[in-house]
Amino acid sequence: MLTKITSSAISLGLLATVLVSCGNDSLTDETSDITSVDTTTVDTDRLDSLGEKDFDGAVFTILDSNEHPDMYINIPDEERSGEIINDALFERDIAISERYNLQIEYVQRTNASSGLSVMKAAVMAGDNDCDLIISSILGGALQTIATEGILYNLNELPYLRLGEAWWSRLMYENLQLDDHMYFTTGDLAPSMYQIPACSYINRDMLSEYQLDVDVYELVKQGEWTFDTVMTLTRDIAVDVDGNGSMSVDNDIFGVIHQNGDIQLNAILCGAGLSAVRLDNGKLELSILDEHNIDIVEKLKQFCVKAQYVEQNDIINRAFEENRALVAFHFLESATVHLRDMEGDYSILPMPKYDESQDGYRSLCNAWTGAYISVPTNCDPEFSGFVTEALGIYSYEHIRPLNYDLVYKQKGARDEQSAEMLDIIFDCLYLDFNVIYNFGSLYTDLRTIVMDGAPFASTVESHLDAAQQAIDDFSELWG
């Protein structure tokens, strides 16, 4: 069971936060000493629309159940450090605390499933120890407890406006079933900016191979497609060591990507494939739709099975060493794997199937600690209001810092590449089958594309299991 964490009240502009040890079954303790900042320049137009509240010093506790808190930063240090995101979070919490007379505290657990198990036990015991959760979806995390009655239906949480720009629009459209939705992502969790799949284009290789093409204009015109990528890369790949396989150690690639389910899902979703779709509020199998079959057949020509020991070598070796023209990975690579890359690169969305596809889609990495939920035994008025206020403030004041300073100046190497990020963040995408892999359908698709398994027999052998999984899931979700 969780022990309720308390902190001292805001007094004369000082917010001191002290988290008390909770024993072996408790969440990891964090201590924060946050001093007041000048918020007179804060644009509060959107916050004004929420109305005014005085919470009389109440404590708002955020659980960050996060596998990699050093990489996915959702919690500020106990003081300003000069790091952009830390200081922005630090100042956000003071601004919200002072405006609404409340205290913001954090509890951090560095094992997502373990942290959520402790939170679940607290909920089942009737203890209101957590007002907001930030965690991953996969890995026994939010995807597990979403069907166990532990999470609040976000559609019913007061004040939350999930269709607004500080929440993910495509998740709002694709992760509702029977008018229930239990997790989303948004600017409240800065690690959101690391999760979308994207395309990296090696500009040095474009020049070396005399490929005179404006890749940014292709994206803007809706022409960044499979066919375009295949045309650009068709004469690039070389088996340098002549051993009959393509390895990140020596060979040259036109296109490179990881071989596992998550990266193939990113490519499939970018192409508009939905193995299971929402139709009139119900989940239906759609994997055998003719268009999906066309996508998979084209992917067989498009994808390459690279040989590697460490999966991130596709980006921090082959791509960084100018031996891959196009690499598909996640946006976090811009600031994790490619910070020291000497050559130039561009960041683009994932390619569409063809020009008729309605917009780009950037699959979110559901293993990242960037997703937001609320426990069922919260005070809905308190949790809803403060969560929305934190989201609004983060959108207005943290996104420009994270987005403009971190990515646009460090990760994205030129102004037009930065413009591409606007498109990527407008099309963040997740759906139920990406998360729950009903009947192992996405695993089947990887086997078909990467290993050459026959489409019809491979998929049809799992259709009954997929339908049963969908039926069982739909009942539990609602």
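Our structure is the block above this text.
Residues numbered from 1 in each chain as written. Predicted model: local features only at pLDDT ≥ 70, side-chain atom pairs only at ≥ 80, totals over all residues. Heavy atoms only, no water.

Caption draft 1: Spotlight on the packing of aromatic side chains. Evaluated as defined, the whole model comprises 21 aromatic pairs. Judged by centre distance (5.7 Å) and plane angle (65°), the ring pair of Phe55 and Phe385 falls under edge-to-face. With Phe55 in the loop between helix 1 (45–48) and strand 3 (58–65) and Phe385 in helix 13 (residues 380–397), this residue pair connects regions lying 330 residues apart in the sequence. Residues Phe55 and Phe385 agree in their burial class; the two are buried. Arranged with centres 5.8 Å apart and planes meeting at 65°, the rings of Tyr200 and Tyr345 form a pair that is edge-to-face. Separated by 145 residues along the polypeptide, Tyr200 in strand 6 (residues 197–202) and Tyr345 in strand 11 (residues 345–348) bring together distant segments of the chain. Among the residues examined, Tyr345 registers a relative accessible area of 0% and is labelled buried. (Phe/Tyr/Trp six-rings, centres within 6.5 Å; stacked < 30°, edge-to-face > 60°. Helix = DSSP H or I, 4+ residues; strand = E, 2+ residues; numbered from the N terminus. Buried < 20%, exposed > 50% of the residue type's maximum accessible area, 1.4 Å probe, protein only.)

Caption draft 2: Geometry of the packing of helix 2 (residues 84–100) against helix 13. At a minimum axis separation of 10 Å, helix 2 and helix 13 run at an interaxial angle of 135°. When the axes of helix 2 and helix 13 are compared, the pair comes out oblique. For the element pair helix 2 and helix 13, the recorded crossing hand is right-handed. Of the residues in helix 13, those touching helix 2 at Glu91, Arg92, Asp93, Ala95, Ile96 and Tyr100 are Phe385, Ala389, Leu390, Tyr393 and Ser394. (Axes fitted to C-alpha atoms, helices over the stretch in contact; angles between N-to-C directions. Parallel < 35°, antiparallel > 145°, perpendicular 65-115°, else oblique. Left-handed = near helix turned anticlockwise from the far one by under 90°. Contact = heavy atoms within 4.5 Å.)

Caption draft 3: Layout of the sheet that holds strand 7 (residues 253–256). Taken in spatial order, the four strands of this open sheet run 7-10-6-11, and their pairing is mixed. Looking at strand neighbours, the two that pair on one side only are strand 7 and strand 11, the edges of this open sheet. The average undirected angle you get between the axes of adjacent strands in this sheet is 20°. Summarising the sheet, strand 6 and strand 10 (residues 324–330) pair through five bridges and their orientation is antiparallel. Considered in strand 10, the bridge of Ser199 is made with Phe328. (Pairing = 2+ DSSP bridges.)

Caption draft 4: Main features of unusual backbone geometry. Within the chain, Asp179 stands out as a residue other than glycine whose phi angle is a positive 60°. As for its position among the elements, Asp179 is in the loop between helix 5 (169–174) and strand 6. We note that Gln210 has phi near 55°; this positive angle belongs to a residue other than glycine. As for its position among the elements, Gln210 is in the loop between helix 6 (203–208) and helix 7 (215–220). For Gln210, a relative accessible area of 73% translates into the label exposed.

Caption draft 5: Here's a closer look at the layout of surface pockets. By volume, the second largest pocket is sized at about 260 Å³. Lining the second largest pocket are 13 residues, and of these Gln258, Ile262, Gln311, Asn312 and Asn365 lie nearest its centre. The class makeup of the residues in the lining of the second largest pocket is six nonpolar, six polar and one charged. (1 Å grid on protein atoms, 1.4 Å probe; cavity = no way out; pocket = protein on both sides within 12 Å on 5 of 7 lines; lining within 4 Å. Points joined across faces, edges and corners; volume = space filled by probe spheres on them. Nonpolar A, V, L, I, M, F, W, Y, C, P; charged D, E, K, R; others polar.)

Caption draft 6: Focus on the sheet that holds strand 5 (residues 132–135). Sheet architecture is open: four strands sit in the order 4-3-5-13, paired in mixed fashion. Each edge of the sheet is formed by a strand with only one pairing partner; in this case those strands are strand 4 (102–109) and strand 13 (371–373). Strand-to-strand twist of the sheet, defined as the mean angle between neighbouring strand axes without regard to direction, takes the value 20°. In terms of strand pairing, strand 3 meets strand 5 through four bridges, oriented parallel.

Caption draft 7: Helix 9 (residues 261–270), seen in detail. Here helix 9 lies mainly inside the structure; eight of its ten residues are buried. The complete set of buried residues in helix 9 reads Gln263, Leu264, Asn265, Ala266, Ile267, Leu268, Cys269 and Gly270. Just beyond helix 9, the residue with positive phi is Gly272, at close to 90°.

Caption draft 8: Fine view of the pattern of salt bridges. All chains considered together, the criterion is met by 18 salt bridges. The salt bridge involving Asp451 is made with Arg446; its shortest N-O contact spans 3.7 Å. Residue classification places Asp451 among the partly exposed residues on the basis of a relative accessible area of 42%. For Arg446, a relative accessible area of 19% translates into the label buried. What you see here is one network of salt bridges that share partners, running through Asp249, Arg317, Glu321 and Arg323. (Salt bridge = Lys/Arg side-chain N within 4 Å of Asp/Glu carboxyl O.)

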